[in-house]
Amino acid sequence: MLELKNVETGYGHIQVLHDVNLTIHAGEIVTLIGANGAGKSTTLMTISGIVPCRRGQILLRGQEIQALSPDKIVALGVCQVPEGRHIFADLTVRENLDLGAFLRTDKVGIKQDLEYVYSLFPILAERRHQSGGTLSGGQQQMLAMSRALMARPQLLLLDEPSMGLAPLIITQIFEIIKAINKEHNTTIFLVEQNAHQALHIADRGYVIENGRIILADNADKLLSNPDVQKAYLGI
Amino acid sequence: MITVKEVKKSLLVSLWFVFLTFPLMVIKVNPYERTVSWRWSNMLYVAIGTFVISLLAKAWFVRKERRMARQQDSCRSRTPIIQKILQRPGYRYPLAAFLLGAALAFPQLFSTYQANIMTTALMYIVLGLGLNIVVGVAGLLDLGYVAFYAVGAYSYALLNLHFGMGFWTVLPIGGLLAALFGVLLGFPVLRLRGDYLAIVTLGFGEIIRLILENWNAFSKGPSGISNISRPGFFGMEMSLDQAMIYMYYLMIGLLLVTIFVVNRLQDSRLGRAWLALREDEIACQAMGIDKTRTKLIAFSLGAFWAGLIGVIFAAKTTFVNPASFTFMESAIILSIVVLGGMGSIVGVILGALILVLLPEYLRALSEYRMLAFGAILVAMMIFKPEGLIAGVRRVYCYQGRKRNTALKNDE
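Residues numbered from 1 in each chain as written. Chains lettered and ligands numbered in written order. Predicted model: local features only at pLDDT ≥ 70, side-chain atom pairs only at ≥ 80, totals over all residues.

(A) Fine view of the overall build of chain A. Tallying secondary structure elements over chain A gives 10 helices and 10 strands in all. Here the C-alpha atoms of chain A give a radius of gyration of 17 Å, agreeing with the 18 Å that 2.2 N^0.38 yields for 235 residues. Seen through its principal axes, chain A has C-alpha atoms that stretch 45 × 40 × 30 Å. Within the span of chain A, comprising 235 residues, buried residues form 48% of the whole. Sequence separation of 24 or more characterises 68% of the internal contacts of chain A that already satisfy a separation of 6 or more. (Helix = DSSP H or I, 4+ residues; strand = E, 2+ residues; numbered from the N terminus. Rg over C-alpha atoms; globule rule 2.2 N^0.38 Å. Buried ≥ 20, exposed ≤ 12 C-beta atoms within 10 Å, placed from the backbone. Contact = placed C-beta atoms within 7 Å.)

Laid out in structure tokens, this is it:
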């Protein structure tokens, strides 16, 4: 589905990603874990085109996308849930969701997807006419994910969906991520600091350190890997 | 109620004001007779005046807070009364019809002079609505809006002077040229937001004015271009009075078109994209909204209306010079939008009428015009920061589950 080949990115004089290679197959949940400042979010933003890629290739279904603008990449079926949620605070929940379907024109499909996200997150249906800024952190995260789902992406990029949320809500969110993956066969690329939860739902995982991928393996193997346990799982 | 503490605070405020205004209000120096007169009575007026005003302001705030507390559970009553009337079709259409009738009858009932002033007010309404697209809806603070107005005015003046082109031919050309300049300004400022954007647009406005002022060969410099022909009506000869009234009806027509277009735009996909852009650029990109295109369209559409009005301005006054396009004009148009209420069409109309008509009818107080202007804006920021008639986004209340299912059906 998605392949990153020797990708290098940076901000100004600072190079953040060095020679990153990643592969994501269709239908998988792949997670990228790492410490603060390792380059997790930058990897995502490079894929979605918000941060320009300096060297290397990003292939989506074999097509090069590293030179495309962010909106073209969304049109190709890659949708990102940005870190820190970034919902439209003054627009209502419903309008936020409508904006998720900005590039779509099939009214019937949009309506179906609206029903689908309302069934995933009933609280959003209840609050559909409330402005996004008045939601709680967990609800905002749900809204941000639903908004991305409204674009009916083939590949969903999630940037730290657990950030700043209560443990109970984190568990709920991760369950729903898994459900989205199963029910709609949406490929999911999950960037997380919460390595434990992420590896539990993921098929495969990558570990990034200082902008370099240092480990790549199946999720359960990473969970039992002593180095990973020591560095990220706190065992 | 007002407590002793608040009275004390008001006393302090009035003392501070007495101190601040002391050199201005109390001391009067006569340099010819070399005398200094002390007007102590003024000091008393300032003290009493500020004391009363500050007490009134306090009382107003207390009332507002209480009202807000009461309305916490019923969000419906938060909408101002005018918007409530406007949202009801039963009131909305008769009211609109009445206003339209009054506007159409206006030149028949009053003198040409009055109609002339009204035409100016109508022009500012359209300018305000144009700027409202850029500032109110898309959230791009543009302080150089007058530049596009100038582009429109000068394109008519120059095309008329050199090629003898008529008003109706140039009207779309002027608008399109202004829109082109909007795109030209838009490109370099795409990455800027907020204060930085304001500064660059301010600079752009000044650049256009300075070019017009100094490039004599092109624009005839500060002396301007005169004898621009008035708009024609199927080749009819018109007296000055008739031309003025014709101009008035022309503006009414253009205003109706503008209101229609702006209204439709706000509810469109593009309008949504602008609102989203105002809120959060990163999320916008993640949703697949083309940031560049959306911003440029906002700039060019806003500029388009300014260009149209520029052409009409040149035709109305039959004379243009750079002095008409100073920063002051931009500031007035921006004040119209802010005073009226960002993003609200009714608000902009009201704001324009107040800011254009009041100075006309209060000519006796013209010396204090800028003072009053500043005072009004400061007071607005304190008492009604959202503008006279805020742009209300439709609000629905969650009233339990039963109601909710009912709502679901009509979606």
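Having seen the structure, we can now continue with the description.
(B) Region of interest: the sheet that holds strand E7 (residues 155-159) of chain A. All names here are of chain A. Spatially, E6-E7-E8-E3-E9-E10 is the arrangement adopted by the 6 strands of the open sheet, whose pairing is mixed. Each edge of the sheet is formed by a strand with only one pairing partner; in this case those strands are strand E6 (78-81) and strand E10 (212-218). When the angles between neighbouring strand axes are averaged without regard to direction, this sheet yields 15°. Where strand E3 (residues 29-34) meets strand E9 (residues 204-209), 5 bridges bridge the pair, whose relative direction is parallel. (Pairing = 2+ DSSP bridges. Axes fitted to C-alpha atoms, helices over the stretch in contact; angles between N-to-C directions.)

(C) Inspection of the domain arrangement of chain B at higher detail. You can read the domains of chain B as domain 1 (4-70) and domain 2 (81-383). The C-alpha-based centres of domain 1 of chain B and domain 2 of chain B are spaced at 38 Å. (Domains from an automatic or database assignment.)

(D) Representation of the packing of helix H5 (residues 112-137) of chain B against helix H10 (residues 240-266) of chain B in the model. Residue and element names in this part refer to chain B. Where H5 meets H10, the closest approach of the two axes is 9 Å, and the angle between their N-to-C directions is 20°. As the angle between them shows, H5 and H10 are arranged roughly parallel. Here the hand of the crossing between H5 and H10 comes out left-handed. For the contact of H5 with H10, the class distribution of residues is 19 nonpolar, 5 polar and 1 charged. (Parallel < 35°, antiparallel > 145°, perpendicular 65-115°, else oblique. Left-handed = near helix turned anticlockwise from the far one by under 90°. Nonpolar A, V, L, I, M, F, W, Y, C, P; charged D, E, K, R; others polar.)

(E) Spatial organisation of the domain arrangement of chain A. Residue and element names in this part refer to chain A. Partitioning chain A into structural domains gives domain 1 (2-77 + 153-233) and domain 2 (93-151). For domain 1 versus domain 2, the separation of C-alpha centres amounts to 23 Å. Residue-level contacts link 12 residues of domain 1 with 9 residues of domain 2. At the level of elements, helix H2 (70-75) and helix H7 (167-183) are the ones that each hand at least two residues to the side of domain 1 that touches domain 2. Grouping the amino acids of the side of domain 1 that touches domain 2 by side-chain chemistry returns 11 nonpolar, 1 polar and no charged.

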